[in-house]
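# Residue-level structural notes
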Amino acid sequence: MEENYIKHQYAPILPKKDEWPVVKLARERKEFVNKVAALAEERILDLIGKNPEILKEELETTLYREKLRIKQNPWDVDPDDEGPFWGEVKNSLLQIHSEVSLTKAKKLEAYKAVLSKITSRYSEEIASNFKATHYKFTRRVVTYGFSRLLNAARVKGFGSLFSNQYTLQDKIQITGQTAQIRELATKGTIIMVPTHFSNLDSVLIGWIISVLGMPPFIYGAGLNLFNISIFAYFMNALGAYKVDRRKKNLMYLETLKTYSKEAIRFGCHSLFFPGGTRSRSGIIESKLKLGLLSTAIEAQRANFQQGISDVSGKIFIVPVTINYHFVLEAPSLIQDYLSQTGQERYYKENDEFSNSYKISKFLFKFFTKGSDISVSIGRAMDVMGNYVDQDGKSQDKWGREVNTEEYFMSNGKVTVDAQREEEYTQMLGKRIVEEFHKINRVFSSHLVAFVAFELIQTKNAKMDLFDLIRLPQEDLVVGYEEFKAACQVALDKIFELKAQGKIDAAPHLYRSMDEIITHGLENVGMYHAKRPLIKNKEGNLATEDMSLLYFYHNRLHGYGLEKLF
Amino acid sequence: MGMALKNSSKPQPIGVIGVGSFGTAIANMLAEKSEVMVYARKQEVVDEINTQHSASGKTLNPKIRATFSPEELCSSCGVLFLMIPSAAFLEVTRTFAPFLHPYHLVIHGTKGLVVKLGEGEDMDSVKKLRRNQIMTMSEVIIQETLAVRVGCLAGPNISKELSNDQPAATVIASKYNEVVQEGQRLLRSEKFQVYGNFDIIGVELSGVLKNIIAIAAGALAGLGLGENAKGLLISRGMVEMAHLSKALGGTVSSVMGLAGIGDLVTTCNSPDSRNFTVGYRLAKGETLDQILETMEEVAEGVNTVRIVDAFLKTAGIRAPITENLHRVLFEDLAIEEALQFLMKYPFSVDVDFV
């Protein structure tokens, strides 16, 4: 049962890049942007019941918030004409306001014109700048550059820099339903939903998609990432559209949703990080941000409404987990989590990814030292969370065929019911979380971090998390034999869960317990200045950073393993 | 099947599964506005309905047609009312499962809980239950079938009064607005008010938990206690229901509604109800076995006491009425002693959940 991972060469499913949906979309970018703007406008007017007074209020709120954002939280990536644009909006609003003689209908028309300008601007801003040539170039740079680094590090001797003995696939293993996702990508539209722990995830997933021979996926990337030029290049090349988390006004959010929905309907495979942001605690996402997810359900319903009931109009949800020994941003993520007082608040995104130097340093370490990554591709589901087969047909728990369209029907017709779709989105969110837990792949480092933290917590049963983190280091020691025995108990339970299909385990967990522990200690948070878990001089387990230990421990949260202690 | 539905312009009949007293009453109410098709398991009952317009003596609206084919019922109807006793609920749901589609709206009127047990386990051997081992009836439907748009019907609805056309009201609860609206449209009449509620779990739990208090109310009557005691019981019962409902995933506000306090008051004043009778006869000195021997159907409250008592062991909350009833029903505690215990129980606060 040792490392039995086989490297595959995946042929591209659509060899001609002209056929890639994302290329087609780029070709029709202008029309698409206009279409999104118009549809978003329609959607907003529906939401406010075409009432000019409410529209006025929403416009004023948006204007106020945008002006505040420009003043208080400007970013490099913001365009220069923002000030003048919102100044114009302000003037238009004032002018409409001053014309007291306007009829209700005329007023609505006037406000609609302002709304239209705003949705057009947002739509243009969100739209991706995908260029197939950039994509090819980036892909080659990533693959070539990385494999040079890798071979330089692993193959000894002169000329190792040009060896091809190791490829990126030795470093990053792809497991799970790879054949299915390739198959379905030729038939319908894929929405990949990965767990999110690191800013590198999007680059990683972009690379995975290309290794699997699939055309690029589009995805919403945080606009803050475009502040860093190296990322901006990657993101554009990978088909990213921009999501600005500072803008929380109705008009922006509706334009964003419309963009996502229409891109899916266009046939673009998409990538959502359904957690919305990187997991601060290191826990696998349990509550998903449902905004973008709801666009998958809307797009599916819209396809049915238009009579596209065959597989070509079907949308497939594919959960993916990314499994690491080491998360570069862990120290700042966990600090964020700990200082969070239970309420959602704004995070300043900075430190580790603040400059290209740090990123390059990390990448170099990553490729020249250990720390493998595995990416598990889950089984595809329809938008209701039913598994689908190779042909894209949905099946219920008993393997009977399900017609997804029927979820959207009443009295024999496909109907639009926003409240129903909201419930469906929640159901889908729950199913994705369930699948995350099933395909999550346990590494030695997760096991040792989990067990060590639980043992320390059990020893200090009366303390809460914050007390534990403040404990002096000499109190944070666990005897090796005790630790080893506890690891065995936890591992047995993990294998029991695996037999039930509730979790997955890396092949290295089939070694002897001493080897597993050694492997885990070598890898857990290996590049952090302060290591979460080490063996001290006496051969016992100690931690240099309790909050990091907590972070890596959290990866195994949600399986009831805590009860073992 | 789906195609047949798509092409018909004629309004579909409303399906009713089960022709017990409640099912019959609901079928008759539905028949005032819509065509109705009922399902009965036995051929002779189907024939009786179709030829004599009665079911086991209860009169049915002549517009109601009967079938014993689950397939026919499901393919003809888009909206189904599942009106079956809780003991048969799982089995009937499984019978219908192959024919239920995601487009069906299913509204049930059953007050009970189903327990998920492992192989070789039964309620005698299992002493503790976690929430995920307990299912409300809507959870059973979602678990066993493809139907997702599920609702429930709950409230003080004594079948006899409904059949006599006396004024009453009910609650339709569902997470789906369309289910609530459809239920209201189909059932609302001059004599029957229909309220909507989005907290389906809370409404289902209200209907289930009130059965516990109904047994206690019967016991008080059997002991010959008066109205003061009844007022005390209803008030403390409501507090207990609120805590239990919250622990099981419902909201307190549903307990305050028609399906909770409304049904509780009605049931505690209905000497004919099975749960009340169990309590009454217990107080007169009979054992549970003796009582059950002479009852046609198990009083649902007896099961509920058992399930909730097992749930309390994992939930970390106390529910003194339920716990003491459990001891009376299953552990041979004398009912007078249980009453003594309750009178001494240190409730210090009148209302502690609002």
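Remember, it's a predicted structure, so these values are computed and weren't measured experimentally.

## A short note on the overall build of chain B
A count of helices and strands for chain B gives 17 helices and 12 strands. Its C-alpha atoms give chain B a radius of gyration of 20 Å, within 12% of the compact-globule value 20 Å for 354 residues. Judged by the C-alpha coordinates and their principal axes, chain B covers about 65 × 40 × 35 Å. The burial tally for chain B puts 49% of its 354 residues in the buried class. A fraction of 71% describes how many contacts in chain B between residues 6 or more apart in sequence connect residues 24 or more apart.

## Considerations on the overall build of chain A
Within chain A one finds 20 helices and 16 strands. When each of the 565 residues of chain A is scored for burial, the buried share is 42%. Residue pairs at least 24 apart in sequence account for 76% of intrachain contacts in chain A once pairs closer than 6 positions are excluded.

## Things to note about the sheet that holds strand S3 (residues 218-222) of chain A
All names here are of chain A. Strand order in the open sheet formed by seven strands is S1-S7-S6-S2-S5-S3-S4, and the pairing between neighbours is mixed. Strands with a single pairing partner mark the edges of an open sheet, and in this sheet they are strand S1 (172-176) and strand S4 (240-243). Here four bridges tie strand S6 (residues 315-323) to strand S7 (residues 373-377), and the two strands are oriented antiparallel to one another. Within the sheet, the bridge partner assigned to Thr-321 lies in S7 and is Ser-376. Those strands touched by helix H8 (residues 178-187) are S1, strand S2 (189-194), S6 and S7, and its axis lies near 140 degrees from that of S2. Contacts between helix H9 (residues 201-211) and the sheet are confined to S1, S2, S3, strand S5 (270-271), S6 and S7, with S1 contributing the most and set at about 65 degrees to the helix.

## Remarks on the domain arrangement of chain A
Residue and element names in this part refer to chain A. Per the domain assignment, the segments of chain A are domain 1 (171-437) and domain 2 (441-564). Between domain 1 and domain 2, the C-alpha centre-to-centre distance is 29 Å. Listed per partner, the contact involves 20 residues of domain 1 and 24 residues of domain 2. For the side of domain 1 that touches domain 2, the elements supplying multiple residues, two or more each, are S6, helix H13 (330-339) and S7. It is H13 that provides the largest number of residues to the side of domain 1 that touches domain 2, a total of five residues. Its residues assigned to classes, the side of domain 1 that touches domain 2 shows eight nonpolar, 11 polar and one charged.

## Describing the pairing of strand S12 (residues 192-197) of chain B
All names here are of chain B. Both strand S11 (residues 168-174) and S12 contribute to a ladder of six bridges, which runs parallel. Bridge pairing in S12 places Ala-173 opposite Asn-197. You can see the chain leave S11, run along helix H8 (residues 177-187) and come back into S12, and the turn it takes is right-handed.

## A short note on the confidence of the model for chain B
Residues and elements named next belong to chain B. Within chain B, residue pLDDT values average 91, and 96% of them lie at 70 or more. For the stretch residues 1-7, pLDDT sits under 50, and the model shows eight contacts to residues farther than four places along the chain or on other chains. Here the predicted complex scores 0.89 on pTM and 0.90 on ipTM.

## Things to note about the interface of chain A and chain B
With 13 residues of chain A at the interface, the matching set in chain B holds 13 residues. Put simply, the parts of the chain that give the side of chain A that touches chain B at least two residues each are strand S10 (409-410) and helix H15 (418-439) of chain A. If you tally residues by element for the side of chain A that touches chain B, the top one is H15(A), at three residues. The residue inventory of the side of chain A that touches chain B, partitioned by class, reads three nonpolar, five polar and five charged.

## Looking at the domain arrangement of chain B
Residue and element names in this part refer to chain B. In terms of domain boundaries, chain B breaks down into domain 1 (2-198) and domain 2 (202-344). Each of domain 1 and domain 2 has a C-alpha centre, and the two are 26 Å apart. Contact with domain 1, which involves 28 residues of that partner, is made by 28 residues of domain 2. Elements represented by at least two residues in the side of domain 1 that touches domain 2 include exactly helix H5 (86-96), strand S8 (113-115), strand S9 (134-136), helix H6 (137-144), strand S10 (149-154), S11 and S12. By residue number, the principal contributor to the side of domain 1 that touches domain 2 is S11, which donates three residues. Across the side of domain 1 that touches domain 2, the residue classes tally to 17 nonpolar, six polar and five charged.

## Quick word on the nonpolar core
Grouped together as the largest cluster of nonpolar side chains are 240 residues, with contacts concentrated most on A:Ile191, A:Ile317, A:Val318, A:Ala452 and B:Val38. Counting residues per element, this core draws most heavily on helix H9 (residues 200-222) of chain B, at 14 residues. Sequence-distant contacts of A:Ile317, that is, excluding residues within four places in its chain, are made with A:Ile191, A:Val193, A:Ala296, A:Ala380, A:Met381, A:Val383, A:Leu428 and A:Ile432.

## Structural notes on the environment of A:Lys117
Within the secondary structure layout, A:Lys117 lies in helix H5 (residues 104-126). In the structure, A:Lys117 is positioned 28 residues away from A:Val89 in sequence and 8.6 Å away in space, judged by C-alpha atoms.

## A short note on the environment of A:Glu82
Residue and element names in this part refer to chain A. Relative to the helices and strands, Glu-82 is located in helix H4 (residues 82-98). A count of 16 C-beta atoms within 10 Å places Glu-82 in the partly exposed class. Separated by 15 residues in the primary sequence, Glu-82 and Lys-67 place their C-alpha atoms 8.9 Å from one another.

## Quick word on the sheet that holds strand S15 (residues 534-535) of chain A
All names here are of chain A. The strand order S13-S16-S15 describes an open sheet built from three strands, whose pairing is antiparallel. Looking along the sheet, the strands with just one partner apiece sit at the ends: strand S13 (477-478) and S15. With two bridges joining them, S13 and strand S16 (residues 541-542) adopt antiparallel strand pairing. The residue of S16 that forms the bridge with Val-478 is Leu-541.

## Some words on the environment of B:Val302
Residues and elements named next belong to chain B. With respect to the secondary-structure elements, Val-302 resides in helix H15 (residues 300-315). For the pair Val-302 and Leu-329, spaced 27 residues apart in sequence, the C-alpha to C-alpha distance is 7.9 Å. Setting aside its immediate chain neighbours within four residues, Val-302 contacts Val-278 and Leu-329.

## Examining the pairing of S2(A)
Residue and element names in this part refer to chain A. The buried count for S2 comes to six of six residues, which makes it a mostly enclosed element. In the sheet, S2 pairs with S6 via six bridges, with the strands oriented parallel. What sits directly across from Met-192, in S6, is Val-318.

## Some words on unusual backbone geometry
A positive phi angle is found at A:Asn411, which is not glycine, with a value near 50 degrees. Its location among the elements puts A:Asn411 in the loop between S10 and strand S11 (413-414). With 14 C-beta atoms packed within 10 Å, A:Asn411 lands in the partly exposed category. With a phi close to 65 degrees, B:Asp165 is a non-glycine residue in the positive phi region. With respect to the secondary-structure elements, B:Asp165 resides in the loop between helix H7 (159-163) and S11.

## Let's talk about the packing of helix H2 (residues 29-47) of chain A against helix H11 (residues 250-265) of chain A
Packed helix pairs are specified by the crossing angle of their axes together with the interaxial distance, meaning the distance between the axes. All names here are of chain A. Viewed as axis vectors pointing N to C, H2 and H11 meet at an angle of 125 degrees, and their least axial separation amounts to 9 Å. With respect to H11, the element H2 is oriented oblique. For the pair H2 and H11, the crossing hand works out as right-handed. On H11, the residues that touch Lys-35, Val-36, Leu-39, Ala-40, Arg-43 and Ile-44 of H2 are Leu-250, Met-251, Glu-254, Thr-255, Thr-258, Tyr-259 and Glu-262. Partitioned by chemical class, the residues of the contact of H2 with H11 number seven nonpolar, two polar and four charged.

## Thoughts on H15(A)
For H15(A), which comprises 22 residues, the first-to-last C-alpha distance of 31 Å matches the rise-based estimate of 32 Å (1.5 Å per residue) to within 8%. Inspection of H15(A) places A:Arg420, A:Tyr424, A:Thr425, A:Leu428, A:Gly429, A:Ile432, A:Val433, A:Glu435, A:Phe436 and A:Ile439 among the buried residues, and these make up the whole buried set.

## A short note on the packing of H9(B) against helix H16 (residues 320-330) of chain B
All names here are of chain B. Running from N to C, H9 and H16 point in directions that differ by 60 degrees, and their axes come no closer than 10 Å. Crossing angle aside, the handedness with which H9 passes H16 is left-handed. Note on element contacts: H16 touches H9 through Ile-321, Thr-322 and Leu-325, opposite Ile-212, Ile-213, Ile-215 and Ala-216. Class assignment for the residues of the contact of H9 with H16 results in six nonpolar, one polar and no charged.

Parameters at a glance
Residues numbered from 1 in each chain as written. Chains lettered and ligands numbered in written order. Predicted model: local features only at pLDDT ≥ 70, side-chain atom pairs only at ≥ 80, totals over all residues. Helix = DSSP H or I, 4+ residues; strand = E, 2+ residues; numbered from the N terminus. Rg over C-alpha atoms; globule rule 2.2 N^0.38 Å. Buried ≥ 20, exposed ≤ 12 C-beta atoms within 10 Å, placed from the backbone. Contact = placed C-beta atoms within 7 Å. Pairing = 2+ DSSP bridges. Axes fitted to C-alpha atoms, helices over the stretch in contact; angles between N-to-C directions. Domains from an automatic or database assignment. Nonpolar A, V, L, I, M, F, W, Y, C, P; charged D, E, K, R; others polar. Right-handed = clockwise from strand over helix to strand, strands pointing away. pLDDT = per-residue confidence, 0-100. Core = buried A, V, L, I, M, F, W, Y, C linked by C-beta atoms within 7 Å. Parallel < 35°, antiparallel > 145°, perpendicular 65-115°, else oblique. Left-handed = near helix turned anticlockwise from the far one by under 90°. Expected span 1.5 Å × (residues − 1).

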